[in-house]
Amino acid sequence: MRRTILLLISATMMLCAATGTAKNTTLITQKGNKMDTYTFGKEPIYKLRIRAKNADVDVHINGVNVYTNVTGKAFGQITVNDYMINGDNNISLTLSDIKKLSPKAWGVVSLEVYYTDKLGKSRHHTLSRLVYDLTLKDKTGDASKPGFYRFDDDKGMIPDASGSLIIGKIVTKPETMYRNEKQDGIKATQSVRIPAPYPRWRFLDAPNIIDSDYDYLSEEEYNKLKQSPKIQALYALDAKIRKAFKEKRIQSVVNLFNERFEEFASAFYDTVPNLKKGYIEFVQEYANNPDCELVEYPNPDDLYFVIEKNRKLVWIRPIEFHDKKTGIYRSYDIKYRLNKQGEWVITR
C-alpha cells in the first residue's frame, strides 16, 4: 500500500512544477598524499547526472535518496552539495520493476564538478561514472575503473598510483523490497574519495532512527513504529509547521530551520539571513495567494513517513500548496534527524 501511494505521488509530481553515512562497502585503502580541500576551487558545485531506461530508478548518495523516477525513462541532473562529504562518498543506483526487471534495463549516474580554477576559468569535469547495464555481458564495464587518481584542471581524473583521489569497485546486490512490497531490482554502489570544502554535516553523526531497513518493514511493523512516542513526536512537530503555514504565521516557526539554514549556507556558499529571507518569501508567496490552498490529509494513512537508507534522516509527506487556478502543486520538503537527547531537529 505504501509503495502504491508513493509511486502515484512520484509520477504526479513529475508532471507538476514542484520545486551517519552508510558504511563504505567499496573502500580502497588510502594511499598517496592527503587530499587538498580546494582541489576544485573554493566554491565547487557537485552534481549527479542520471540517465536510465526500462526500469524504475532510485539514486542515493551517502544513504540519502536524491532522485526517483518511475516512468521507465529517466534523465536528470541534481545538485548534491548538501550531501557531499570530504572523503568517501557512496553513490548507489537501483534499477527495479514491480514484476520483473527488463533484460534491457540500464542506468548511468555520473558525479560531476563545476568550479572556477585559479586563473578564473570556469571548469566542468566528470569525476566518476557508475554504470549498470543488463544489455552488456560485463554489466558495469562502461563504469569508471576502480583505482587511484589525481586531478588535472585540463584533463580531469587521471589514473595515478600515488594519487589521493580514489574510485572504488562497484558492489551489487539484489534489492527485493520497496516500501514493504516485493520488487525485482538490483542495487549498484560505488565509492568516490574526493575533497569537499564543507564542515561535517551533523546528520552524519546523529543516532539511528531504527536499526533495520525501512523498505523491509512489514505493514504491521510500520504501523507500530508510527504509533511509537518517537514518531508521534515527529508528527506533532510536522503538524505545528503545517498549522503555521496554513495560518500564515511563518515567522513563528522560522527558527526551527536554523540548522538547515546554517548547513545550506556552507553547502551553497550563501548566508543564513539570506536563506531565511528566501524561506519566508517562498512560503508567503503561496500562503498569501488567494488561489492557493495548503493540501491537507484527513486520512492519517495518507500522511506517511519515510526513513532514509542511512537510517539517520526521516521525512513526512512534503508540505504542498495547490494552485486552484493553474492546477500546479508547489512542494516544501523537510527532513529531520534526532539529536543526542532524542529530540527532532530539522536538518534538510
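For clarity, every value in this text was computed on a predicted model and none was experimentally measured. (Residues numbered from 1 in each chain as written. Predicted model: local features only at pLDDT ≥ 70, side-chain atom pairs only at ≥ 80, totals over all residues. Heavy atoms only, no water.)

Q: Help me understand the sheet that holds strand β18 (residues 319–323), please; the structure alone is not making it clear to me.
A: Across a sheet, paired strands are connected by hydrogen bonds in the backbone, their directions being either parallel or antiparallel. Reading across the sheet, the 3 strands line up as β15-β18-β19 and stay open at both edges, with antiparallel pairing between neighbours. Sheet topology places β15 (292–294) and β19 (329–332) at the edges, where each strand pairs with a single neighbour. Each strand of the sheet is rotated relative to its neighbour by a mean of 25 degrees, with strand direction disregarded. Note that β15 and β18 share 3 bridges and pair antiparallel. Across the sheet, residue Cys-292 finds its bridge partner in β18, namely Asp-323. Contacts from helix α5 (residues 272–287) reach β15, β18 and β19 within the one sheet, and its direction differs from that of β19 by about 145 degrees. (Pairing = 2+ DSSP bridges. Helix = DSSP H or I, 4+ residues; strand = E, 2+ residues; numbered from the N terminus. Axes fitted to C-alpha atoms, helices over the stretch in contact; angles between N-to-C directions. Contact = heavy atoms within 4.5 Å.)

Q: Help me out: how do you make sense of the side chain of Lys-226 in this one?
A: Checked against the element boundaries, Lys-226 lands in helix α2 (residues 219–226). With residues up to four places along the chain from it excluded, the contact list for Lys-226 reads Ile-231, Gln-232, Tyr-235, Pro-300, Asp-301, Leu-303 and Phe-305.

Q: I'm lost on helix α3 (residues 229–246) in this one. Help?
A: Each α-helix winds once per 3.6 residues, and so residues spaced three or four apart point in a common direction. Across its 18 residues, α3 extends 25 Å between first and last C-alpha, which sits within 8% of the 26 Å expected from 1.5 Å per residue. Taken residue by residue, α3 has Ile-231, Leu-234, Tyr-235, Leu-237, Asp-238, Ile-241, Arg-242, Ala-244 and Phe-245 as its buried positions. Positive backbone phi, at 65 degrees, marks Lys-248, one or two positions downstream of α3. (Expected span 1.5 Å × (residues − 1). Buried < 20%, exposed > 50% of the residue type's maximum accessible area, 1.4 Å probe, protein only.)

Q: When you look at the confidence of the model for the protein chain in this model, what are you seeing that I'm missing?
A: If pLDDT is low for a region, its predicted coordinates should not be looked at in detail. In this model, the protein chain carries a mean pLDDT of 89, and residues with pLDDT of at least 70 account for 90%. The low-confidence segment residues 1–33, where pLDDT is below 50, has 97 contacts with residues more than four positions distant or belonging to other chains. (pLDDT = per-residue confidence, 0-100.)

Q: Would you mind going over the pairing of strand β8 (residues 147–152) with me for this structure?
A: Taken together, the 3 bridges between β8 and strand β10 (residues 165–167) define a ladder with antiparallel strand orientation. Opposite Tyr-149, over in β10, you have Leu-165 as the bridge partner. In the sheet, β8 pairs with strand β9 (residues 156–159) via 4 bridges, with the strands oriented antiparallel. The residue bridging Tyr-149 from the neighbouring strand is Pro-159, located in β9. Here β8 folds back onto β9 in antiparallel fashion, the turn holding 3 residues.

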